[in-house]
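Okay, here's what each chain looks like letter by letter:
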Amino acid sequence: MSQDTLNEDSVFPWDLGVHDAHCHPTDTMTSIPAIPHMKATTLTIMATRSEDQDLVYQTALSLQKGSKRVVPCFGWHPWFSHQLLDDINNESASSHNTEQQKTTHYQHVLTPPPLDPAFIASLPDPKPLSQFISETRLRVLRFPTSLVGEIGLDKAFRLPIPWSQDDIEVRKDTLTPGSREGRHLSQYRVQMSHQKAVLKAQLRLAGELGRPVSVHSVQAHGAVLDLLKELWRGYERYVPTRRERKERDQKEEEAEEEEEKQLPFPPRICMHSYSGPVEPIRQFLNPANPSDIYFSFSQAINFTTPSSKRVVDVIRAIPEDRLLIESDLHTAGEEMDILLEDITRTVCQLRGWELHDGVKRLARNWKCFIEK
């Protein structure tokens, strides 16, 4: 019997600890009571926009003393980056939301600039980026293991068309407002320069607080890497020669002292549901990079798209101590457990790991990513 067949037939070892590195159960608040009854050990819950920051916060508070551990993450997703007014890099940006200022903001950050007054009116009043960063700092500090996320860049995304009143009435008691939810898409995209400004501010916050981040990247892996390199400049790790490796203990002590300093970039980064090719992985994992990069994979995203064939090679190419698993699901409960088991079995089969050993490895990786 082959190892793959053996893993497929094996009882799944939930007792060893299974940690979802990225999920969105607060998109369906009615599913939150299911979390204490799930088989998964930990859910790393992402905030993405104005509507879910406090939901993630309150969910983490409510489950803090329960049997299931929740790791809250606070961030602003690139799909909603246009809703932030960049008053950090543009001091002249006004936070007063007059109708004309709102129009000017959206015509500046969206491409092509929207001319339809009804479309602009359907968008929320933009929130000052500095205010969001201040609020996020307080939320992150409330939880010792919280992350900054979900953040990132997305070159493919287009804004959805506004909800109709009928749609609003149908969905108001089911899903948290603000998400795309299968709506038809408009022609408008968020300027990449604006997405980068929002991402950079959040990366700097994570560096200030010494917290990991969860990064969304669609058709933008090179842009994400370039932005990270900008923040890493001057902080690159020293890579010793063979001769100098004999003095490794001393070098490691120096490195640990350096890590205690406040830095302008996060200590650890998870490229969530990584969809890029194998080639950029070597650049992300360059030993000189001062952030440790992890890659997480989901059944829902990585194995249901045209890039699913490519992800097989990617998972096999990533160092075994940098692999994570996730569900990326919008509802907690049995379906989330099923997806976590599926992606864990898939990763173990692709890496040739015996199931028990693989679950232990993935749990160890998650703990290093969260707590190292």
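Owing to the predicted nature of the structure, the values given are computational and were not obtained by experimental measurement.

Concerning the environment of I35
Inference 1: You can see I35 is positioned in the loop between β1 (19-23) and β2 (42-46).
Inference 2: I35 gets classed as buried once you look at its relative accessible area, which sits at 2%.
Inference 3: In this structure, the C-alpha to C-alpha distance between I35 and P25, residues ten residues apart in sequence, is 9.0 Å.
Inference 4: Leave out the neighbours within four places in its chain, and I35 touches L43, I45, L63, K68, V70 and A332.

Quick word on the sheet that holds strand β11 (residues 292-298)
Inference 1: Read from one edge of the open sheet, five strands run β7-β9-β10-β11-β12, paired in parallel fashion. Of all strands in the sheet, those with a lone pairing partner are β7 (148-154) and β12 (323-326), marking the two edges. With direction set aside, neighbouring strand axes in the sheet form an average angle of 30°.
Inference 2: Where strand β10 (residues 268-271) and β11 come together, four bridges link them in parallel fashion. The residue of β11 that forms the bridge with R268 is D292.
Inference 3: Of the strands in this sheet, β7, β9 (213-218), β10 and β11 touch helix α8 (residues 221-232), which is tilted by about 175° from β10.

Quick word on the sheet that holds strand β3 (residues 69-73)
Inference 1: Spatially, β1-β2-β3 is the arrangement adopted by the three strands of the open sheet, whose pairing is parallel. Only two strands of the sheet have a single partner each, and these edge strands are β1 and β3. Geometrically, the sheet is characterised by an average inter-axis angle of 15° between neighbouring strands, direction not taken into account.
Inference 2: On top of the sheet, helix α14 (residues 355-371) reaches β1, β2 and β3; it is set at about 55° to β1, its chief contact.

Quick word on the pattern of salt bridges
Inference 1: One pass over the full model with this rule turns up 13 salt bridges.
Inference 2: We note a salt bridge from E51 to R49, for which the minimum N-O separation is 3.8 Å.
Inference 3: For R49, a relative accessible area of 2% puts it in the buried group.
Inference 4: Across the pair E208 and R137 runs a salt bridge, and its minimum N-O distance is 2.8 Å. Of this pair, E208 sits in helix α7 (residues 192-209) while R137 sits in helix α5 (residues 129-142); the two residues are 71 residues apart in sequence, bridging distant segments of the chain.
Inference 5: Beyond isolated ion pairs, a larger network of salt bridges with shared partners links D27, R49, E51 and D52.

Considering the packing of aromatic side chains
Describing an aromatic ring pair means giving the distance of the ring centres and the angle of the ring planes.
Inference 1: Enumeration according to the criterion identifies eleven aromatic pairs in this entry.
Inference 2: Geometrically, the ring pair formed by F74 and F143 is stacked, given 6.2 Å between the ring centres and 25° between the ring planes. Of the two residues, F74 sits in the loop between β3 and β4 (84-85) while F143 sits in the loop between α5 and β7, which places them 69 residues apart along the sequence. In this pair, the class of F74 matches that of F143, namely buried.
Inference 3: Through a chain of ring-to-ring contacts, the aromatic side chains of Y57, F74 and F143 assemble into a single cluster.

Comments concerning helix α13 (residues 334-351)
Inference 1: Helix length check: α13 (18 residues) gives 26 Å between terminal C-alpha atoms against 26 Å at 1.5 Å per residue, within 8%.
Inference 2: Within α13 the residues assigned to the buried category are M336, D337, L339, L340, I343, T344, R345, T346, V347, C348 and L350.
Inference 3: Looking one or two places after α13, you find G352, whose phi comes out positive at around 75°.

A short note on the pairing of β7
Inference 1: The element β7 is largely enclosed, with a buried count of seven among its seven residues.
Inference 2: Sheet topology note: the β7/β9 ladder contains five bridges and is parallel. Paired with I151 across the bridge in β9 is V215.

With respect to the packing of α5 against α7
Inference 1: At a closest axis distance of 11 Å, the pairing of α5 and α7 adopts a crossing angle of 30°. Relative to α7, the element α5 is oriented roughly parallel. The two elements α5 and α7 cross, and the hand of that crossing is right-handed. The residues of α7 that touch α5, namely those facing L129, F132, I133, T136, R137, V140 and L141, are A197, V198, A201, Q202, L205, E208 and L209.
Inference 2: A per-class count over the contact of α5 with α7 returns ten nonpolar, two polar and two charged.

Cut-off values and rules
Residues numbered from 1 in each chain as written. Predicted model: local features only at pLDDT ≥ 70, side-chain atom pairs only at ≥ 80, totals over all residues. Heavy atoms only, no water. Helix = DSSP H or I, 4+ residues; strand = E, 2+ residues; numbered from the N terminus. Buried < 20%, exposed > 50% of the residue type's maximum accessible area, 1.4 Å probe, protein only. Contact = heavy atoms within 4.5 Å. Pairing = 2+ DSSP bridges. Axes fitted to C-alpha atoms, helices over the stretch in contact; angles between N-to-C directions. Salt bridge = Lys/Arg side-chain N within 4 Å of Asp/Glu carboxyl O. Phe/Tyr/Trp six-rings, centres within 6.5 Å; stacked < 30°, edge-to-face > 60°. Expected span 1.5 Å × (residues − 1). Parallel < 35°, antiparallel > 145°, perpendicular 65-115°, else oblique. Left-handed = near helix turned anticlockwise from the far one by under 90°. Nonpolar A, V, L, I, M, F, W, Y, C, P; charged D, E, K, R; others polar.

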